[in-house]
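Each chain, letter by letter, is given below.
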Amino acid sequence: MIETLAKNLVNLKKEFASLYEGHSQIQEVIPISKSELFQIEQQELELLHQFAAKNPIYYNSYEKVIGRTPCIVYEGDINKYWLSSIQHGSSHAPFSPTWIMSAYVGALLAKKLGYLEVIDIGSGDGRIAFCGKVIDMESYSVEIDDMLFDLQKFLCSTLDYNPRCSDAGIFDYSSLNIKQPIFFIGGLAQMGGVSLASAVLEKINSIPDLWPNSGWVFAGTLSQKYASDPNNEAGWGTLIEKNNLKSIQSISLPTAWAFHESDDTPYIFTQPN
Amino acid sequence: MTSTDDISQMLDNESLKLQNLIKIAESNCDLNIHEIVETYYQVMNVSSMSTMLKEQIESQPDSLLNKIQIIDKSISEQFNSNIHPRIMKTLSTSIKETTKKLQSGNTDKKSKEEIESEAKLFEELRQKMSTREFVEQYDKGLYDD
């Protein structure tokens with residue numbers, strides 16, 4: 001069911017990208033209501049819309065039927081957050097968001113795989129943590145940039161997804177009292193993701209009770225713009241092997257950074273061997 | 001097999017293109033991104049030809065070796081010592097100014113048109129930053145040699 005939902009979302013994005021005539025820096029769509037293609041609880045869909053409608057990165061929205069799915073299109077601009085994020089010496093990857101619907105599908109898969117807590121690392125506006133909370137998982141988000149952290153504090157009045165303003169590589173994860181967490185790593189391997197992931201992996205590896213129960217999700221790329229990894233996994237193969245992880249599932253989902261690409265973003269779900 | 005005359009002709013053509021670009025760069029302190037990239041590309045192109053020919057130095061006639069020396073001198077004295085540091089400085093200053101301008105921008109609620117127009121300035125900033133990275137890589141190569 002989750003795989004079908006992901007596939008339908010990718011098709012919706014392709015249809016939308018072929019129709020889109022606007023000039024916004026980022027854009028995404030969320031179906032208005034539950035349908036045959038998007039069998040999502042109405043209450044959950046409404047929470048996703050609330051997150052987008054309240055989020056100041058979106059400055060315009062309108063209704064549009066895409067294929068046969070009535071949707072709301074959200075147009076946004078993340079330039080000022082990008083400018084803020086690149087000022088940080090220790091910021092590993094500049095902010096660029098996944099789609100809210102993709103964050104939701106990713107959280108659904110994490111829950112199906114048996115994880116209890118979503119930890120959104122390099123979380124931007126915290127949308128993955130928010131989506132974890134939407135489906136009743138415990139959620140935490142870690143973000144180094146104070147401007148984005150302020151944005152998260154504002155957004156979490158809808159659902160509190162526990163934002164933390166910290167360098168994820170030095171954050172004390174034992175303070176969260178988590179038992180079976182899944183870590184979503186922000187950023188492509190080639191865009192600072194490896195450095196960010198390595199630092200967090202090292203921290204969790206040092207907590208013996210937590211490490212074997214942990215899950216790790218990496219956003220990959222198949223684009224030829226980026227150097228490929230000799231061990232594949234959409235850029236993450238070497239890190240996966242080095243950290244003795246194994247890939248358990250991969251799903252492709254739309255993201256802001258791959259909007260104009262023919263290939264969507266593969267999310268690689270892994271766990272310790 | 002390419003003859004010495006062909007090689008010499010090719011070197012003449014490419015170094016002439018480079019000289020034209022160097023002239024433009026010397027007379028214009030505010031090259032656009034395309035002109036900067038084109039100039040560096042041509043410098044690297046001619047430098048590679050020169051290096052390759054020097055590796056086969058014993059088989060080259062004196063006239064070609066003289067030509068190579070003149071070209072190397074021009075790249076070193078006109079470009080590496082003069083134009084390249086100036087481009088690095090201009091890019092850095094321009095990036096600082098644009099960043100400051102964008103950071104101090106009016107924070108009042110903006111219209112869709114204002115946001116999309118400002119986004120073009122951000123795009124220019126990204127282009128300048130990526131060009132600076134390219135130019136810095138060239139600079140690093142100068143000291144590694």
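Remember, predicted model here, so these are calculated numbers, not experimental data. Starting afresh in each chain, residues are numbered from 1 along the sequence in its written order. Key to labels: chains lettered from A, ligands numbered from 1, both in the order written. Given that the model is predicted, a residue must reach a pLDDT of at least 70 before its local features are reported, and side-chain atom pairs must reach 80 or more before they are shown or counted; all residues, however, enter totals for whole chains, interfaces and linings.

J.: Quick one: what's the story with the overall build of chain A, residue by residue and with numbers?
T.: Under the DSSP-based scheme used, a helix requires at least four consecutive residues in state H or I and a strand at least two consecutive residues in state E, with every element numbered from the N terminus. When its secondary structure is counted, chain A shows eight helices and 10 strands. Here the C-alpha coordinates of chain A stretch approximately 50 × 35 × 35 Å along the principal axes. In this scheme the burial state of a residue depends on its C-beta neighbours within 10 Å: 20 or more other such atoms mean buried, 12 or fewer mean exposed, and anything in between means partly exposed; the C-beta positions come from the backbone. Of all 273 residues assigned to chain A, the portion counted as buried reaches 51%. We call two residues in contact if the C-beta atoms placed from their backbones are at most 7 Å apart. Considering only contacts in chain A between residues 6 or more positions apart, those separated by 24 or more positions represent 65%.

J.: Which residues make up the overall build of chain B, and what are the values?
T.: Each helix and strand counted, chain B has four helices and zero strands in total. Traced from its N-terminal end to its C-terminal end, chain B shows the element sequence α-α-α-α. Computed over C-alpha atoms, the radius of gyration of chain B comes to 20 Å, more than 25% over the 15 Å expected from 2.2 N^0.38 for 145 residues, which places it beyond the range of a compact globule. Principal-axis analysis of the C-alpha atoms gives chain B an extent of 70 × 25 × 25 Å. For chain B, buried positions account for 16% of its 145 residues. Atoms counted for the radius of gyration: C-alpha only. Globule rule: 2.2 Å times residue count to the power 0.38.

J.: I'd like a description of the interface of chain A and chain B, backed by residues and values.
T.: How big an interface is tends to be expressed through the accessible area that disappears when the partners come together. Taken together, the contact pairs eight residues of chain A with eight residues of chain B. Listed by contribution, the elements that provide at least two residues to the side of chain A that touches chain B are strand 2 (58-66) and helix 3 (79-85) of chain A. Each residue receives one of three labels: charged for Asp, Glu, Lys and Arg, nonpolar for Ala, Val, Leu, Ile, Met, Phe, Trp, Tyr, Cys and Pro, and polar for the others, Gly being one of them. Its residues assigned to classes, the side of chain A that touches chain B comprises two nonpolar, five polar and one charged.

J.: Tell me about helix 6 (residues 146-155) of chain A, and please be specific about residues and values.
T.: Residue and element names in this part refer to chain A. Inspection of helix 6 places Leu-148, Phe-149, Leu-151, Gln-152 and Leu-155 among the buried residues, and these make up the whole buried set. Projected down its long axis, helix 6 carries its buried residues within an arc of 155 degrees, all on one side. Lining the buried residues of helix 6 we find helix 2 (42-54), helix 3, strand 5 (138-143) and strand 6 (163-165). In this description, the arc belongs to the directions extending from the helix axis to the C-beta atoms.

J.: So what about the environment of Asn-213 of chain A? Which residues, and what values?
T.: Residue and element names in this part refer to chain A. Here Asn-213 lies in the loop between helix 7 (193-205) and strand 8 (215-219). Under the C-beta neighbour-count criterion, Asn-213 is labelled partly exposed, with 17 such atoms within 10 Å. In this structure, the C-alpha to C-alpha distance between Asn-213 and Ala-189, residues 24 residues apart in sequence, is 23 Å. Not counting chain neighbours up to four residues away, the residues in contact with Asn-213 comprise Lys-179 and Gln-180.

J.: Pulling in residues and values, what's your account of the packing of helix 1 (residues 4-27) of chain B against helix 2 (residues 33-55) of chain B?
T.: Residue and element names in this part refer to chain B. Under this scheme, a helix contributes an axis fitted over its contacting stretch, all axes are lines through C-alpha atoms, and angles between N-to-C directions fall in the 0 to 180 degree range. Between helix 1 and helix 2, the least distance of the axes is 9 Å, while the angle of their chain directions is 145 degrees. Once helix 1 is placed against helix 2, the crossing between them reads as left-handed. Residues Ile-7, Leu-11, Glu-14, Ser-15, Lys-17, Leu-18, Leu-21, Ile-24 and Ala-25 of helix 1 form the contact with helix 2, whose participating residues are Glu-35, Glu-38, Thr-39, Gln-42, Val-43, Asn-45, Val-46, Met-49 and Leu-53. Looking at the contact of helix 1 with helix 2, its residues break down into 10 nonpolar, four polar and four charged. Left-handed describes a crossing in which the near helix is turned anticlockwise from the far one by less than a right angle; the clockwise case is right-handed.

J.: For the nonpolar core, give the residues involved together with the corresponding values.
T.: The nonpolar core is taken to be a set of buried Ala, Val, Leu, Ile, Met, Phe, Trp, Tyr and Cys residues joined by way of C-beta atoms within 7 Å. Membership of the largest hydrophobic core comes to 80 residues, with the highest contact counts inside it found for Tyr-104 and Val-217 of chain A. Tallying contributions element by element places helix 4 (residues 100-112) of chain A first for this core, with nine residues. Formed by 16 residues, the second largest nonpolar core is a distinct cluster that contains Ile-36, Val-46, Phe-79 and Ile-83 of chain B.

J.: Could you give me a rundown of helix 2 of chain A, with the residues and numbers involved?
T.: Residue and element names in this part refer to chain A. In a helix, the anticipated span is given by 1.5 Å times the number of residues less one. The end-to-end C-alpha distance of helix 2, which contains 13 residues, comes to 18 Å, matching closely the 18 Å that a straight helix rising 1.5 Å per residue would cover. For helix 2, every residue scored as buried is listed here: Leu-45, Leu-48, Phe-51 and Ala-52. Down the axis of helix 2, the buried side of the element spans an arc of 115 degrees, and every buried residue falls inside it. Among the exposed residues of helix 2, those oriented more than 90 degrees off its buried face are Gln-42, Gln-43 and Lys-54. Buried residues along helix 2 sit against strand 1 (26-31), strand 2, strand 3 (69-76), helix 4, helix 5 (127-134) and helix 6.

J.: Describe the sheet that holds strand 4 (residues 117-121) of chain A, and please don't skip the residues or the numbers.
T.: Residues and elements named next belong to chain A. Read from one edge to the other, the open sheet built from seven strands follows the order 6-5-4-7-8-10-9, with strand pairing classed as mixed. Strands with a single pairing partner mark the edges of an open sheet, and in this sheet they are strand 6 and strand 9 (245-253). Between one strand axis and the next, the sheet turns by 20 degrees as a mean value, whatever way the strands run. Pairing between two strands is assigned when DSSP locates at least 2 bridges connecting them. Bridge count for strand 4 against strand 5 is five bridges, and the pairing is parallel. Paired with Asp-120 across the two strands is Ser-141, which belongs to strand 5.

J.: Give me the environment of Ser-63 of chain B: which residues, what numbers.
T.: As for its placement among the helices and strands, Ser-63 of chain B is situated in helix 3 (residues 62-103). The exposed category is assigned to Ser-63 of chain B, around which 10 C-beta atoms lie within 10 Å.

J.: Could you give me a rundown of the pairing of strand 5 of chain A, with the residues and numbers involved?
T.: Sheet faces and side chains relate simply in a regular strand, where the side chains alternate between the two faces. Residues and elements named next belong to chain A. In terms of burial, strand 5 is a largely internal element, six of the six residues being buried. The alternating pattern of strand 5 places Glu-138, Tyr-140 and Val-142 and Ser-139, Ser-141 and Glu-143 on opposite faces, both of which are buried. A right-handed crossover is one whose linking path, passing over the helix from the first strand to the second, runs clockwise when the strands point away from the viewer. Assessed by its sense of winding, the connection that carries the chain from strand 4 through helix 5 to strand 5 is right-handed. Where strand 5 and strand 6 come together, three bridges link them in parallel fashion.

J.: How would you sum up the sheet that holds strand 2 of chain A? Please name residues and give values.
T.: Residues and elements named next belong to chain A. One open sheet holds the three strands; their spatial order is 1-3-2, and the pairing between them is antiparallel. Edge positions in the open sheet fall to strand 1 and strand 2, since each of these has one partner strand only. Mean inter-strand twist for the sheet, computed between neighbouring axes without regard to direction, equals 25 degrees. Across six bridges, the pairing between strand 1 and strand 3 is antiparallel. Bridged to Ile-30 within strand 3 is Ile-72. Against the sheet, helix 2 makes contact with strand 1, strand 2 and strand 3, and its axis sits at roughly 155 degrees relative to strand 1, the strand it touches most.

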